[in-house]
Amino acid sequence: MMIVGIVAVCAVLLVLAFVLPRLSRHPQNGTQRTLGAGGQVAGKAPGPLGRLLRKPFSSSSRAIGRSGAAGRRTRGRMPF
């Protein structure tokens with residue numbers, strides 16, 4: 001279920017970054033901040049379990065960052 005949510009957020013952020021590049025920064029930072037907080041909580045588990053539980057949050061945050069950057073980069077390459 002979390003995977004579907006992250007994919008949906010990435011798609012919305014990609015479209016938002018393409019249509020409104022400057023206004024897409026705030027939603028991107030908000031989602032990355034939320035995932036970062038989840039990763040910090042999950043990382044408090046002891047030992048290797050903490051690293052294992054933190055990994056989905058960090059990879060999701062990275063995917064959201066790449067999605068927003070790709071939308072803004074594509075918009076910058078358009079001739080209009």
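Described below are features of the structure shown in this document.

### A short note on the overall build of the protein
Alright, step 1. When its secondary structure is counted, the protein shows 3 helices and 0 strands.
Alright, step 2. Reading the secondary structure of the protein in the N-to-C direction produces α-α-α.
Alright, step 3. For the C-alpha atoms alone, the extent of the protein along its principal axes is close to 50 × 20 × 15 Å.
Alright, step 4. Every one of the 80 residues in the protein was classed for burial, and the buried ones make up 26%.
Alright, step 5. Considering only contacts within the protein whose residues lie at least 6 apart along the sequence, 67% involve residues at least 24 apart.
Alright, step 6. Of the roughly 5,700 Å² that the protein leaves accessible, carbon and sulfur atoms contribute 68%.

### Some points on a nonpolar patch on the surface
Alright, step 1. Together, Val 15, Val 19, Leu 20 and Leu 23 make up a nonpolar patch on the protein surface, roughly 360 Å² of accessible area in all.
Alright, step 2. If you trace the backbone, Leu 20 turns up in the loop between helix H1 (2-19) and helix H2 (25-42).
Alright, step 3. Overall, Leu 20 belongs to the partly exposed group, its relative accessible area being 39%.

### What about the environment of Arg 66?
Alright, step 1. Locating Arg 66 in the fold gives a position in helix H3 (residues 48-77).
Alright, step 2. Of the residues examined, Arg 66 reaches a relative accessible area of 59% and is grouped as exposed.
Alright, step 3. Distance from Arg 66 to Leu 13, taken between C-alpha atoms, is 9.9 Å for residues 53 residues apart in sequence.

### A word on the side chain of Ser 60
Alright, step 1. Assignment of secondary structure puts Ser 60 in helix H3.
Alright, step 2. Residue class for Ser 60 comes out buried when judged on its relative accessible area of 9%.

### Things to note about the nonpolar core
Alright, step 1. Core analysis: the biggest nonpolar cluster contains 5 residues, these being Ile 6, Cys 10, Leu 13, Leu 35 and Ile 64.
Alright, step 2. At 3 residues, H1 tops the list of elements feeding residues into this core.
Alright, step 3. Contact partners of Ile 6, with chain neighbours within four places excluded, come to Leu 35 and Ser 60.

### A short note on the packing of H1 against H2
Alright, step 1. Running from N to C, H1 and H2 cross one another at 155°; their axes reach a closest spacing of 10 Å. Here H2 runs roughly antiparallel to H1, going by the angle between their axes. Considering the relative orientation of H1 and H2, their crossing is left-handed. Seen from H1, the contacting residues are Ile 6, Val 9, Leu 13 and Leu 16; seen from H2, they are Pro 27, Gln 28, Thr 31 and Leu 35.
Alright, step 2. Tallied by class, residues from the contact of H1 with H2 come to 6 nonpolar, 2 polar and no charged.

The rules behind the values
- Residues numbered from 1 in each chain as written.
- Predicted model: local features only at pLDDT ≥ 70, side-chain atom pairs only at ≥ 80, totals over all residues.
- Heavy atoms only, no water.
- Helix = DSSP H or I, 4+ residues; strand = E, 2+ residues; numbered from the N terminus.
- Buried < 20%, exposed > 50% of the residue type's maximum accessible area, 1.4 Å probe, protein only.
- Contact = heavy atoms within 4.5 Å.
- Areas by Shrake-Rupley, 256 points an atom, 1.4 Å probe, with all protein chains shown as cover.
- Patch = residues over 30% accessible without salt bridge, like charges linked within 9 Å, V, L, I, M, F, W, Y side chains within 5 Å.
- Salt bridge = Lys/Arg side-chain N within 4 Å of Asp/Glu carboxyl O.
- Core = buried A, V, L, I, M, F, W, Y, C linked by side-chain atoms within 4.5 Å.
- Axes fitted to C-alpha atoms, helices over the stretch in contact; angles between N-to-C directions.
- Parallel < 35°, antiparallel > 145°, perpendicular 65-115°, else oblique.
- Left-handed = near helix turned anticlockwise from the far one by under 90°.
- Nonpolar A, V, L, I, M, F, W, Y, C, P; charged D, E, K, R; others polar.

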